[in-house]
Amino acid sequence: MSFRFGQHLIKPSVVFLKTELSFALVNRKPVVPGHVLVCPLRPVERFRDLNPDEVADLFQTTQRVGSVVEKHFQGTSLTVAMQDGPEAGQTVKHVHVHVLPRKAGDFHRNDSIYDELQKHDKEEDSPALWRSEEDMATEAAALRAYFQ
Ligand code: AMW
């Protein structure tokens, strides 16, 4: 079974957590190590389209995922972000929460992470810049272990 993420079909090998209403996957083009995505299973475009149970599951899953990636990638903080609509930078028309482990000095200017998020999958994106499926599956397996 594969997972739908907007126009993408996502292999189970890169998904490291599935809950009743959400799933979490590793990123093919992470802005920082451990940059992952949490999505509702139902492929709706905007945050406002989610029902209350989906919002609760999505955010509870984001809490669990944030704790795990912060620990696994030796972070000391998290950036949690959602680009909700095209003018906010959304490219995949399926609600998703970006979870990014942070550590001291990772960006010269702390808020540069938002500039990087805005442009990482838009400017100069091409398959050559994506991680290999094998690399992504290895990372997903390591993260999956925390939830078993
Ligand atoms: W958006 O600009 O819509 O807020 O973010 C889309 C995110 O999804 C980006 O971080 C991008 O790297 C990631 N992404 C897009 N397609 C895939 C895919 N097939 N597998 C993993 N990550 C993906």
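In this text the structure is predicted, and so the values were computed from the model without any measurement.

Definitions and cut-offs
- Residues numbered from 1 in each chain as written.
- Predicted model: local features only at pLDDT ≥ 70, side-chain atom pairs only at ≥ 80, totals over all residues.
- Heavy atoms only, no water.
- Helix = DSSP H or I, 4+ residues; strand = E, 2+ residues; numbered from the N terminus.
- Rg over C-alpha atoms; globule rule 2.2 N^0.38 Å.
- Contact = heavy atoms within 4.5 Å.
- Areas by Shrake-Rupley, 256 points an atom, 1.4 Å probe, with all protein chains shown as cover.
- Lys, Arg positive; Asp, Glu negative; His and termini not counted.
- Charge placed at Lys NZ, Arg CZ, Asp CG, Glu CD.
- Pairing = 2+ DSSP bridges.
- Axes fitted to C-alpha atoms, helices over the stretch in contact; angles between N-to-C directions.
- Phe/Tyr/Trp six-rings, centres within 6.5 Å; stacked < 30°, edge-to-face > 60°.
- Lys NZ or Arg CZ within 6 Å of the ring centre and 35° of its normal.
- Salt bridge = Lys/Arg side-chain N within 4 Å of Asp/Glu carboxyl O.
- Buried < 20%, exposed > 50% of the residue type's maximum accessible area, 1.4 Å probe, protein only.
- UniProt positions renumbered as here; feature names shortened; annotations may be inferred.
- Polar contact = N/O pair within 3.5 Å; in protein donor to acceptor, adjacent residues only side chain to side chain.

A. Expanded view of the overall build of the protein. Tallying secondary structure elements over the protein gives 3 helices and 7 strands in all. When its helices and strands are written in sequence order, the protein yields β-β-β-β-β-α-β-β-α-α. Over its C-alpha atoms the protein spans a radius of gyration of 14 Å, differing by no more than 12% from the 15 Å that the globule rule assigns to 148 residues. Intrachain contacts of the protein at a sequence separation of at least 6 include 63% that bridge at least 24 residues. Here the protein has roughly 8,100 Å² of accessible surface; of this, 52% comes from carbon and sulfur atoms. On the protein, the mean spot of the 18 positive side-chain charges and the mean spot of the 21 negative ones are 2 Å from each other.

B. Looking closely at the sheet that holds strand β3 (residues 15-18). Taken in spatial order, the 5 strands line up as β3-β4-β5-β7-β6 in an open sheet, and their pairing is antiparallel. Only two strands of the sheet have a single partner each, and these edge strands are β3 and β6 (77-81). Strand-to-strand, the axes of this sheet are offset by a mean angle of 20°, without reference to chain direction. Sheet topology note: the β6/strand β7 (residues 97-102) ladder contains 5 bridges and is antiparallel. Paired with Ala81 across the strands is His98, a residue of β7. In this fold helix α1 (residues 52-72) packs onto β3, β4 (22-26), β5 (36-40), β6 and β7, with an angle of close to 165° to the strand it touches most, β5.

C. Quick peek at the packing of aromatic side chains. Scanning the entire structure with this criterion turns up 3 aromatic pairs. The ring of Trp130 carries Arg28 above its face, with NZ or CZ at 3.4 Å from the centroid.

D. Representation of the pattern of salt bridges within the structure. In total, this model carries 9 salt bridges according to the counting rule given. A salt bridge links Arg102 to Asp106, with the shortest nitrogen-to-oxygen separation between them at 2.8 Å. According to the relative accessible area criterion, Arg102 is buried, its value standing at 6%. For Asp106, a relative accessible area of 28% corresponds to the partly exposed category. With a closest N to O distance of 2.9 Å, Asp121 and Lys122 form a salt bridge. Three or more residues are tied together by salt bridges with common partners; here these are Arg131, Asp135 and Glu139.

E. Broad picture of the UniProt feature "binding site: substrate" (unreviewed entry) in the protein. Feature annotation in UniProt places "binding site: substrate" (unreviewed entry) on His8, Asn27, Gln83, Gly89, Gln90, Thr91, Val92 and His98, given in this structure's numbering. By the secondary structure assignment, Thr91 is in the loop between β6 and β7. Among residues more than four places away in sequence, those in contact with Thr91 are Asp121 and Lys122. Along the polypeptide, His98 turns up in strand β7. Contact partners of His98, with chain neighbours within four places excluded, come to His35, Val36, Leu37, Thr79, Val80, Ala81, Gln83, Leu117 and His120. Reaching out from His98, the side chain makes a polar contact with the side chain of His35 at a distance of 2.8 Å.

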